[in-house]
Every structure is written in C-alpha cells, then in structure tokens.
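# Tertiary structure, described
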Amino acid sequence: SMSHGVWKSFGEFDTCSLAPVYRLPLDSKHDHSLRSCIPNATQTISDGVTVSECDPRYQSPSSTVTPAPSSMSNSFAELLSSMPTGATGLFQGDVSASLSGTVPSEIGYYTNMLGIFLENNPLLEGSLPSQLGMLGANLESPFGWCDCSLSGSIPSQLGSFSNLYEGFLLDHSFFTGSLPTELGNLGRLENFLALDDNHLSSTIPSELARLSVLEYNLYLSSNRFTGTIPTEFGSLAPSFTSDLWFNFNELTGACPSELGRLLQLTRGLYINTNLLSQGLPSELGDLSKLTGVLWCEMNPLSSTLPTQLGKLPLHEWFGVDYNKITGPIPTEIGKMPFEYALSMSTTSLSSSLPTQLGALDKM
C-alpha cells in the first residue's frame, strides 16, 4: 500500500535491466490483472474478428494461468529456495501473495541482488538476518520491508549498502532496540530513510546526519526515541528539501536552533508530540522555503513565540497547540500566507488576537 504514498520512483525503476528479476507468484484470482500483454498473441472471436491479448475480448487459454502452489505463495523460505541464485531483484506488487514465516539467513547468498521491496506481509515475522549485509555494495534501489510483522533489532550490517541510492524502508513494523550508527554509512542514499511506526528506542544517532546527499524524507516518527534531537541534523545534506519527522516520540531538551540551517527545506518539519521544552528557536524563521508544515504541538514548550517565525512562507499548517508558550501572539504571524490551518489552542498565549490575523484571508 506504500505507507507514505509518495514513492514515485518505484514506477521508474528499470526492472527490464534486472535479468533475472524474481517476481512473486500470484494467486489465481489475481493472475489475470498482471498478465503480460504480448501483442503477438492473437485470437479469432465471433464474426472472424482477430484480437490481440491486449484486447479485453481476448479469452485466455486455460493453460496460460497456472495458480502457484499455496506453499510457494505463502512461505518466504520456500520462495527463496525456488529462486535462482543469480536473481537480481525481489519485488512484490500490491496484489501479490502475502508471505509468511521468517526471513532465512540464506538470503545473504543472493549477492547479485540490486533491489528488494516487500510490503504488506503481516504474517512475515521474526528478525532480519544479519546476513543481509552480505548484499553489500551491490544493492542499489530499494531496500524495503514495509508493513510486516518483523521484529528484533535492526542489524548493523545493513550499513554496508554503500551504493544504495533510493529507499531504505523498514517502517510500520515492530523493530526494537537502538538504531545502529552504521546507517550513517549509507552515503549515496538520496531518498527515503523510513523507520517510522516501530518500537525503536534509545537516542537518535547523530551519525544519520552524515547522509550528505539525502534530499527527501527522513522519517523517525512514532517510535520511543529519547534524548535530544541531535544538533548535527542542521548539517544534513545542503539539498535536503522534504519532510523531517521527529514526531510522536519521547524526545527531550530544546528544539535545536541548528535546524534553521536547512535552507532548502520546503515540505515539513514535524517535532510535535514529544517532551521538548524551552522555547522555539528564532532561527526557524530562516527556513525561507518552508511552505508546508511546521508542527510543534503537544510539547511542554515554553517562553514566547519568536517574531521571526512570521517570515516563514507557510501555506498549510503552523501548530503550537497544547504547549506552555506564553506572551502575545506576534503580529508578524499575520503575514504568513496560510491556506489551511493556524492552530494555537490550549496554550498560555495572552492578549487579544492581533488585527493582523485578519489578513489571513485564504484560510
């Protein structure tokens, strides 16, 4: 289902170059929807009309669709044992058979793998074997195990994917423990480090800020991270533009002023629903391209709202609900080009609403 709904590059992934790519066997009720369309396959129907297999009137011969045995459709171990050792990709479409069981350590011997993407397998359990690290520098795009029931710690050996450039996705599962610092070695990763919706704990490793070419989507939300937001994230890739999620954790301390250095950030900064204290740093007002979301609510933030935040070009959402922010609402807030929501309920903000808020006529 692609939990983030924005993974467009999979559709552009050149699977034609991955020979052989192993695609999961389909169950019989779905085979018809993913049959290859072979223009040379023709059939004569009523009135002598000849149609190709692309034509919806084409009737597939009974021998075309061979339902996969249930053991092949469900057991990951049996699937793996049926794959050629030279397979270069393992992918699963939305209508493919759901996998069950555990991930065998033997997967590490498929060293020609260039990409793995498996999702929506609630019966796929156990831990990811450390032997996956044997895929090493061959793995390029993507490495994804989303919406499964995988658990245990994330192997540090996964940091060996030095040529992975798109998609490290372990979101919506049950991984526990600390994040391995070795993930900072994914030096070519440009898009998607997704670790949200797990049970990860301990502190967020500052080594993640070494992802020097990451441009889009760093998701760490909905875990059990503690400690502070590393100041090093202010030195994330200069080209980082979209979505930095720290929300729904147990992070403490101040929101780092260094985050104001992410000058290309456009889509969203999410620090809501944590235990962050002190005030919002005025440096966040330097995010001159942030047109999407600044979500800070449900923290024990204190002090006053910096007037510099009025410089932000936010169109969608600015939320500071359920905080301990005091003082007046800066008149500069009225200069923001909001089109959706300005949310400041249940705070200790004083004084009447500034007349400048009347300028928010697009909301």
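Residues numbered from 1 in each chain as written. Predicted model: local features only at pLDDT ≥ 70, side-chain atom pairs only at ≥ 80, totals over all residues. Heavy atoms only, no water.

The helix and strand inventory of the chain stands at two helices and 19 strands. Counting all 363 residues of the chain, 48% fall into the buried class. Counted over contacts in the chain with a minimum sequence separation of 6, partners at least 24 positions apart contribute 69%. (Helix = DSSP H or I, 4+ residues; strand = E, 2+ residues; numbered from the N terminus. Buried < 20%, exposed > 50% of the residue type's maximum accessible area, 1.4 Å probe, protein only. Contact = heavy atoms within 4.5 Å.)

Here the chain shows a mean pLDDT of 79. Residues at 70 or above account for 71%. The model gives residues 1-43 a pLDDT under 50, and that stretch makes 104 contacts with residues more than four places away or in other chains. Scored below 50 in pLDDT, residues 51-73 makes 44 contacts in the model with residues more than four places away or belonging to other chains. (pLDDT = per-residue confidence, 0-100.)

Counting residues in each nonpolar core, the largest one holds 74 residues, and the members touching the most others are W145 and F168. Contributions of two or more residues to this core are made by helix 2 (76-82), strand 6 (115-126) and strand 7 (143-152). Among the elements that line this core, the one with the most residues is strand 7, at four residues. Those residues in contact with F168 that sit more than four places away from it in its chain are F143, L158, F161, L183, L186, L189, F192, L193, A194 and L195. Counting residues in each nonpolar core, the second largest holds 10 residues, with F192, A194, Y219 and V293 among its members. (Core = buried A, V, L, I, M, F, W, Y, C linked by side-chain atoms within 4.5 Å.)

With that settled, consider the pairing of strand 13 (residues 242-245). Relative to strand 13, strand 12 (residues 216-219) is paired through three bridges, and the arrangement is parallel. Paired with L218 across the bridge in strand 13 is L244. As paired elements, strand 13 and strand 14 (residues 268-270) share two bridges and run parallel to each other. For W245, the partnering residue across the bridge sits in strand 14 and is Y270. (Pairing = 2+ DSSP bridges.)

This model, assessed by the stated rule, comprises two salt bridges. One salt bridge connects R267 with E316, and the closest N-O pair in it is separated by 3.3 Å. Within this pair, whereas R267 is found in the loop between strand 13 and strand 14, its partner E316 is found in the loop between strand 15 (293-295) and strand 16 (317-319), the two being separated by 49 residues in sequence. Since its relative accessible area comes to 31%, R267 is described here as partly exposed. Since its relative accessible area comes to 31%, E316 is described here as partly exposed. D286 is the salt-bridge partner of K311, the closest N and O atoms lying 3.5 Å from each other. With a gap of 25 residues between them, K311 in the loop between strand 15 and strand 16 and D286 in the loop between strand 14 and strand 15 connect regions that are remote in the sequence. Overall, K311 belongs to the exposed group, its relative accessible area being 53%. (Salt bridge = Lys/Arg side-chain N within 4 Å of Asp/Glu carboxyl O.)

Now for the environment of N138. Position of N138 relative to the elements: it lies in the loop between strand 6 and strand 7. Look at N138 and you get partly exposed, because its relative accessible area is 38%.

Relative to the helices and strands, S173 resides in the loop between strand 8 (166-169) and strand 9 (174-177). Note on S173: relative accessible area 5%, which makes it buried. A distance of 3.3 Å separates a polar side-chain atom of S173 from the backbone oxygen of C148. Contact partners of S173, with chain neighbours within four places excluded, come to W145, D147, C148, L150, D197 and N198. (Polar contact = N/O pair within 3.5 Å; in protein donor to acceptor, adjacent residues only side chain to side chain.)

Below, the discussion takes up the packing of aromatic side chains. Aromatic ring pairs are reported here in terms of the distance separating the ring centres and the angle at which the planes meet. Tallying each qualifying case throughout the model produces 10 aromatic pairs. Seen in terms of ring centroids, F76 and W145 are 6.0 Å apart; in terms of plane orientation they differ by 40 degrees. Their pairing is tilted. Within this pair, whereas F76 is found in helix 2, its partner W145 is found in strand 7, the two being separated by 69 residues in sequence. An aromatic cluster is defined as three or more aromatic residues linked by ring pairs; in this entry it consists of F192, Y219, W245, Y270, W295 and W317. (Phe/Tyr/Trp six-rings, centres within 6.5 Å; stacked < 30°, edge-to-face > 60°.)

For the rest of this paragraph, the subject is unusual backbone geometry. Cis geometry is found at the peptide bond from S141 to P142, where omega equals -15 degrees. Looking at the element boundaries, P142 is found in the loop between strand 6 and strand 7.

Moving on, we come to the pairing of strand 7. Burial runs high along strand 7: eight of the 10 residues are buried. Looking at chain direction, strand 7 and strand 9 are connected through two bridges and run parallel. In the sheet register, G152 faces strand 9, and the bridge partner there is F175.

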